[in-house]
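# Coordinate analysis (summary)
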Amino acid sequence: MRVAHVGSVLPDGSPHVVPLWFVWLEDGIYLTCRRGSAVGRNLRQDPRVAVTLDRGQLWTEQAGCLVRGEAEPLEPEHPGVKRALSAWFEKYRTELSGFGFAAYTRQVVEPVVVKVRPGTLASWVHAFQPRG
């Protein structure tokens, strides 16, 4: 899974959903966004978050999960940031190779790492056939 769809709450109470790059480590999901982005501002005001991860194209291949929890935007010196970014760079090595890294750093001058502590989890597998 390359992207997580992240739902946060805008100041007016309406939902805001964006695709973000992420890594899921043993203590939470680590998302990255731009400093000053709407999702970053939303999560600082209201830490409630919903994250969906999915895979598959055909109906019988589709599977995924919905994680609801609380988000914590981490300061750059937070101990978890280095570990999360190391795993993140490893995961997205191909996307950041060649011109990709220059394009990324031009567009994302100051990345922010957000840790999501899962509260509840729901999953689906469309290939699953319940016994009737």
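Calculation criteria
- Residues numbered from 1 in each chain as written.
- Predicted model: local features only at pLDDT ≥ 70, side-chain atom pairs only at ≥ 80, totals over all residues.
- Heavy atoms only, no water.
- Phe/Tyr/Trp six-rings, centres within 6.5 Å; stacked < 30°, edge-to-face > 60°.
- Helix = DSSP H or I, 4+ residues; strand = E, 2+ residues; numbered from the N terminus.
- Buried < 20%, exposed > 50% of the residue type's maximum accessible area, 1.4 Å probe, protein only.
- Polar contact = N/O pair within 3.5 Å; in protein donor to acceptor, adjacent residues only side chain to side chain.
- 1 Å grid on protein atoms, 1.4 Å probe; cavity = no way out; pocket = protein on both sides within 12 Å on 5 of 7 lines; lining within 4 Å.
- Points joined across faces, edges and corners; volume = space filled by probe spheres on them.
- Nonpolar A, V, L, I, M, F, W, Y, C, P; charged D, E, K, R; others polar.
- Pairing = 2+ DSSP bridges.
- Disulfide = S-S within 2.5 Å.
- Core = buried A, V, L, I, M, F, W, Y, C linked by side-chain atoms within 4.5 Å.
- Contact = heavy atoms within 4.5 Å.

Below, the discussion takes up the packing of aromatic side chains. Going through the model one piece at a time under the given rule, you end up with four aromatic pairs. Residues W21 and W88 carry aromatic rings whose centres are separated by 5.5 Å and whose planes lie at 50° to one another, so their mutual orientation is tilted. Taken together, the residues W21 in the loop between β2 (15-20) and β3 (22-25) and W88 in helix α2 (residues 79-91) connect sequence positions 67 residues apart. The exposure class assigned to W21 is partly exposed, which follows from its relative accessible area of 23%. Given a relative accessible area of 2%, W88 falls into the buried group. Here the aromatic rings of W21 and Y92 are separated by 4.1 Å at their centres, their planes lie at 5°, and the arrangement is stacked. Of the two residues, W21 sits in the loop between β2 and β3 while Y92 sits in the loop between α2 and α3 (99-107), which places them 71 residues apart along the sequence. Residue classification places Y92 among the buried residues on the basis of a relative accessible area of 0%. An aromatic cluster of at least three residues, connected via ring pairs, comprises W21, W88, F89 and Y92.

By the secondary structure assignment, D46 is in the loop between α1 (38-45) and β5 (48-55). In this structure the side chain of D46 is engaged in a polar contact, spanning 2.7 Å, whose partner is the side chain of R48.

So, about the layout of surface pockets. Over the atoms, a rolled probe matching the size of one water molecule traces out where space is still vacant. Of the volumes computed, that of the largest pocket is approximately 330 Å³. Lining the largest pocket are 16 residues; nearest its centre among them are P19, L20, T32, R34 and V108. Ranked by the residues each element gives to the lining of the largest pocket, the list is headed by β2, at four residues. Taken together, the residues that form the lining of the largest pocket break down as 11 nonpolar, four polar and one charged.

Sheet topology places β3 next to strand β4 (residues 28-34); four bridges connect them, and they run antiparallel. When the sheet's bridge partners are listed, W24 is paired in β4 with I29. Linking β3 back to β4 in an antiparallel pair, the connection comprises two residues.

Applying the stated criterion to the full structure yields zero disulfides. Not engaged in a disulfide, the cysteine C33 finds its nearest cysteine sulfur in C65; these two sulfurs lie 20 Å apart.

Okay, the nonpolar core next. Formed by 31 residues in total, the largest nonpolar core has its most connected members in V6, L31 and V51. In this structure V51 touches A4, H5, V6, I29, C65, L66, V67 and V116, once residues within four positions along its chain are discounted.

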